[in-house]
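Below are the chains, spelled out letter by letter.
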Amino acid sequence: MLVARYQGRAYRLAWSLLRSAEDARDVSQEAFLRVYRTAGGFRGDARFSTWFYRILVNLCLDHQRRGRWWQRLLVRDDGTGDPERGVLERQPAPAADPGDALGRQQVMARLWAAVDRLSPQQRAAILLHVQEDLPTSQIAEVLKCSQATVRVHLHRAVGALRKIVTRD
């Protein structure tokens, strides 16, 4: 039941952090295995989703620290994007004008390139906020930091994204 409920969310968040379909599948699967193995450690102090996202984000950050993610940068797609990418945009209505669709694709490509430049903590905070619609209190629990720190991460991430996207 938990896998069915969180599988899509877990993959999207892992993909957004790692930018690799293969790594996102591996890490999200590992997160479910870790939940299964450590289910007795869940005390119920927080929501299950917060506990699960903490496990998933930590696994993603660990995966990035191990260094495999840099290899994916060398074989980055041609800008058309992974079909899973639309999650940050919250699936907008299709554009009636093909020129609008092309413009939207270009903006999204710049936005994802900007997300790639964020620090791991800023990236995790902004993706948990935008994609998973988590409040700062839950993001703070996931990232194991204060709500003020989450607000700083979000503020800096939005500022950086705005600067990068409008500059290009």
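Here the structure is a predicted model, which is why all the values come from computation and not from measurement.

A.B. asks: Is there a simple way to think about the overall build of the protein chain in this case?
C.D. replies: Secondary structure assignment for the protein chain yields eight helices and zero strands. Its helices and strands taken in sequence order, the protein chain reads α-α-α-α-α-α-α-α from the N to the C terminus. The buried share of the protein chain, reckoned over its 168 residues, is 39%. The contacts in the protein chain between residues at least 6 apart in sequence include a share of 69% that link residues at least 24 apart. Within the structure as shown, the protein chain displays about 9700 Å² of accessible surface, and the carbon and sulfur contribution to it stands at 53%.

A.B. asks: Just to check I follow, could you spell out the confidence of the model for the protein chain for this structure?
C.D. replies: Low pLDDT means the predicted coordinates in that region are not meant to be read closely. Chain-level pLDDT for the protein chain is 78 on average; 77% of the residues reach the 70-or-more range. The element-level mean pLDDT for the protein chain is lowest in helix 4 (residues 69-74), coming to 37, with helix 7 (residues 136-143) highest at 93. Long-range and interchain partners of residues 68-96, a stretch whose pLDDT sits below 50, account for 42 contacts in this model, where long-range means more than four residues apart.

A.B. asks: Would you explain the nonpolar core in this entry?
C.D. replies: Here is a general trend for soluble globular proteins: nonpolar side chains tend to be buried in one another's company. Counting residues in hydrophobic clusters, the biggest one holds 44 residues, and the most contacted among them are Leu 13, Phe 52, Tyr 53, Leu 56, Val 57 and Leu 128. Elements that contribute at least two residues to this core include exactly helix 1 (2-18), helix 2 (21-37), helix 3 (48-66), helix 5 (98-117), helix 6 (120-130), helix 7 and helix 8 (147-167). Residue contributions to this core peak at ten residues, all from helix 3. Apart from the residues within four sequence positions on either side, Val 57 is in contact with Leu 13, Leu 17, Ala 124, Leu 128, Val 142 and Leu 143.

A.B. asks: I keep staring at the side chain of Gln 138 and nothing clicks. Help me out?
C.D. replies: Considering the arrangement of structural elements, one finds Gln 138 in helix 7. In this structure Gln 138 comes out as buried when scored by relative accessible area, which is 7%. Those residues in contact with Gln 138 that lie beyond four places of it in its chain are Arg 47, Ser 49 and Thr 50.

A.B. asks: Can you help me understand the packing of helix 1 against helix 6 in this one?
C.D. replies: Two numbers describe a pair of packed helices, the interaxial angle and the distance between the axes. Contact geometry of helix 1 with helix 6 gives a least axis separation of 10 Å together with a crossing angle of 145 degrees. Crossing hand, helix 1 versus helix 6: right-handed. On helix 6, the residues touching Leu 13, Ser 16, Leu 17 and Leu 18 of helix 1 are Arg 123, Ala 124, Leu 127 and Leu 128. Per-class residue counts for the contact of helix 1 with helix 6 are six nonpolar, one polar and one charged.

A.B. asks: What is the right way to look at the environment of Gly 8 in this model?
C.D. replies: Checked against the element boundaries, Gly 8 lands in helix 1. A residue is classified by how much of its surface remains accessible, and Gly 8, at 33% relative accessible area, is partly exposed. When the C-alpha atoms of Gly 8 and Ser 28 are compared, they prove to be 9.4 Å apart, with 20 residues separating the residues in sequence.

A.B. asks: Can you walk me through the packing of aromatic side chains in this structure?
C.D. replies: How two aromatic rings sit relative to each other is set out by the distance from centre to centre and by the angle between their planes. Counting across every chain of the model gives eight aromatic pairs. Ring geometry for Trp 15 versus Trp 112: centroids 5.7 Å apart, planes at 80 degrees, classification edge-to-face. Here Trp 112 lies in helix 5 and Trp 15 lies in helix 1, a separation of 97 residues in the sequence. When sorted by exposure, Trp 15 lands in the same class as Trp 112, which is buried.

A.B. asks: How should the side chain of Arg 123 be read in this particular structure?
C.D. replies: For Arg 123, the location among the structural elements is in helix 6. Here Arg 123 falls in the buried class, since its relative accessible area comes to 7%.

A.B. asks: Which parts of the structure should I look at to understand the pattern of salt bridges?
C.D. replies: Close approach of charged atoms allows side chains of opposite charge to pair. One pass over the full model with this rule turns up four salt bridges. Its salt-bridge partner being Arg 19, residue Asp 116 comes within 2.7 Å of it at the nearest N-O pair. Taken together, the residues span a long stretch of sequence, with Asp 116 in helix 5 and Arg 19 in the loop between helix 1 and helix 2 at a distance of 97 residues. Of the charged contacts in the structure, one is a salt bridge between Arg 34 and Glu 30, with a shortest N-O distance of 3.7 Å. Of this pair, Arg 34 and Glu 30 both sit in helix 2, four residues apart, roughly one helical turn. A single network of salt bridges, built from pairs that share partners, joins Arg 19, Asp 116 and Arg 123.

Reading guide: rules and limits
- Residues numbered from 1 in each chain as written.
- Predicted model: local features only at pLDDT ≥ 70, side-chain atom pairs only at ≥ 80, totals over all residues.
- Heavy atoms only, no water.
- Helix = DSSP H or I, 4+ residues; strand = E, 2+ residues; numbered from the N terminus.
- Buried < 20%, exposed > 50% of the residue type's maximum accessible area, 1.4 Å probe, protein only.
- Contact = heavy atoms within 4.5 Å.
- Areas by Shrake-Rupley, 256 points an atom, 1.4 Å probe, with all protein chains shown as cover.
- pLDDT = per-residue confidence, 0-100.
- Core = buried A, V, L, I, M, F, W, Y, C linked by side-chain atoms within 4.5 Å.
- Axes fitted to C-alpha atoms, helices over the stretch in contact; angles between N-to-C directions.
- Left-handed = near helix turned anticlockwise from the far one by under 90°.
- Nonpolar A, V, L, I, M, F, W, Y, C, P; charged D, E, K, R; others polar.
- Phe/Tyr/Trp six-rings, centres within 6.5 Å; stacked < 30°, edge-to-face > 60°.
- Salt bridge = Lys/Arg side-chain N within 4 Å of Asp/Glu carboxyl O.

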